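Each chain, written out:
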Amino acid sequence: MSVLHTILNTFFPSTCVGCGEVLVGNENQLCVSCLSQLPATHFSATPDNEAERMLIGKIPFVAVSAMLQFQHGNKTQRIIHSMKFHGNSDLCLLMGRQMGLDLARSGRFDDIDLLLPVPLHWIRHLKRGYNQSELLCRGMSEVLGVPINTTALKRVRYTRKQSQQQRDKRQTNVENAFRTMHPEQLKNKHILLVDDVMTTGATLTSCCDALANVYSLRISIATLSIATY
Ligand SMILES: [Zn+2]
């Protein structure tokens, strides 16, 4: 740790995103207590879980996981908020690594060829400075050793934020928002589509509609969280 870093840390100590307590030792972003008490769903190891039941009939998936429960005011909401609205790219990478460990332990996601982040429209990408789902993929890739593809699927339409939409308007909001630009990159592959939050599954369904023309493609899905309100 540099001298400057030590001085800054003395006067402006880093605090836990989950509980606000000062971080100590090797803690990064989340204190040990918060990290061990995140509201896990255990979907990764559970076939026919709540996320799979939400998407069945809409997406021809192999397996679906959403790692954490997202509720108003819980630690997951604070994590997602920090990732998306406070420019906390380090937290995205950390949560991506957690997702990677979770999937590796489950054994249901062992033959994934490519990680595909749900793309942001370039205007939103420019505003935020990064795509949080792409950073989740980078963290996952470190753990799983699976490459990331950010060129095959594009967001071609600028849409309102899904979090600001009523549940019944979400599907219309993202309809035809995505397009497959390079189907040949995905041919015969088993891809893992990655996003931060699953609420109605509308964004994921729209991505899969755009991927429907890819020859012999198998799709699994992993999101950091699932909103259960
Ligand atoms: Zn904490």
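What you see is a predicted model; the values in this text were computed from it and never measured. (Residues numbered from 1 in each chain as written. Predicted model: local features only at pLDDT ≥ 70, side-chain atom pairs only at ≥ 80, totals over all residues. Heavy atoms only, no water.)

Focus on the pairing of strand S5 (residues 190-198)
Thinking step 1. Most of S5 is tucked away: nine of the nine residues are buried.
Thinking step 2. Of the strand pairs in this sheet, S5 and strand S6 (residues 218-227) are connected by eight bridges, and their pairing is parallel. Residue Met198 lies in a different strand from S6, and its bridge partner there is Ile226.
Thinking step 3. Taken together, S5, helix H9 (residues 202-210) and S6 constitute a β-α-β crossover, and its handedness is right-handed. (Buried < 20%, exposed > 50% of the residue type's maximum accessible area, 1.4 Å probe, protein only. Helix = DSSP H or I, 4+ residues; strand = E, 2+ residues; numbered from the N terminus. Pairing = 2+ DSSP bridges. Right-handed = clockwise from strand over helix to strand, strands pointing away.)

What to know about the domain arrangement of the protein chain
Thinking step 1. By domain assignment, the protein chain separates into domain 1 (1-37) and domain 2 (39-227).
Thinking step 2. Each of domain 1 and domain 2 has a C-alpha centre, and the two are 28 Å apart.
Thinking step 3. Across the boundary between the two partners, domain 1 contributes eight residues, which contact 11 residues of domain 2.
Thinking step 4. Here domain 1 and domain 2 share an interface that buries about 790 Å² over both sides, 62% of which is from carbon and sulfur atoms.
Thinking step 5. Taken together, the links from domain 1 to domain 2 amount to zero salt bridges.
Thinking step 6. One can count two residue pairs in polar contact (both at pLDDT 80 or more) joining domain 1 with domain 2.
Thinking step 7. For the side of domain 1 that touches domain 2, the residue count by class is four nonpolar, four polar and no charged. (Domains from an automatic or database assignment. Contact = heavy atoms within 4.5 Å. Buried area = accessible area lost by both parts, 1.4 Å probe. Salt bridge = Lys/Arg side-chain N within 4 Å of Asp/Glu carboxyl O. Polar contact = N/O pair within 3.5 Å; in protein donor to acceptor, adjacent residues only side chain to side chain. Nonpolar A, V, L, I, M, F, W, Y, C, P; charged D, E, K, R; others polar.)

Looking at empty space enclosed by the protein
Thinking step 1. Here the structure, examined in full by the defined rule, presents one cavity of 30 Å³ or more.
Thinking step 2. Here the largest cavity is characterised by a volume of approximately 30 Å³.
Thinking step 3. Lining the largest cavity are Ser65, Met67, Met99, Asp102, Leu103, Ala222 and Thr223.
Thinking step 4. Contributions of two or more residues to the lining of the largest cavity are made by strand S1 (61-70), helix H5 (89-106) and S6.
Thinking step 5. Looking at which element gives the most residues to the lining of the largest cavity, the answer is H5, with three residues.
Thinking step 6. Split into classes, the residues belonging to the lining of the largest cavity amount to four nonpolar, two polar and one charged. (1 Å grid on protein atoms, 1.4 Å probe; cavity = no way out; pocket = protein on both sides within 12 Å on 5 of 7 lines; lining within 4 Å. Points joined across faces, edges and corners; volume = space filled by probe spheres on them.)

Remarks on the pattern of salt bridges
Thinking step 1. Under the defined criterion, the tally for this structure stands at five salt bridges.
Thinking step 2. The closest approach of N and O atoms between Lys84 and Asp196, which form a salt bridge, is 3.1 Å. With Lys84 in helix H4 (residues 75-85) and Asp196 in strand S5, this pair connects stretches of sequence that are 112 residues apart. Residue Lys84 shares its accessibility class with Asp196, and that shared class is buried.
Thinking step 3. Between Glu142 and Arg97 there is a salt bridge; the shortest N-O distance is 3.4 Å. Separated by 45 residues along the polypeptide, Glu142 in helix H7 (residues 132-144) and Arg97 in helix H5 bring together distant segments of the chain.
Thinking step 4. Its relative accessible area of 53% is what places Glu142 among the exposed residues.

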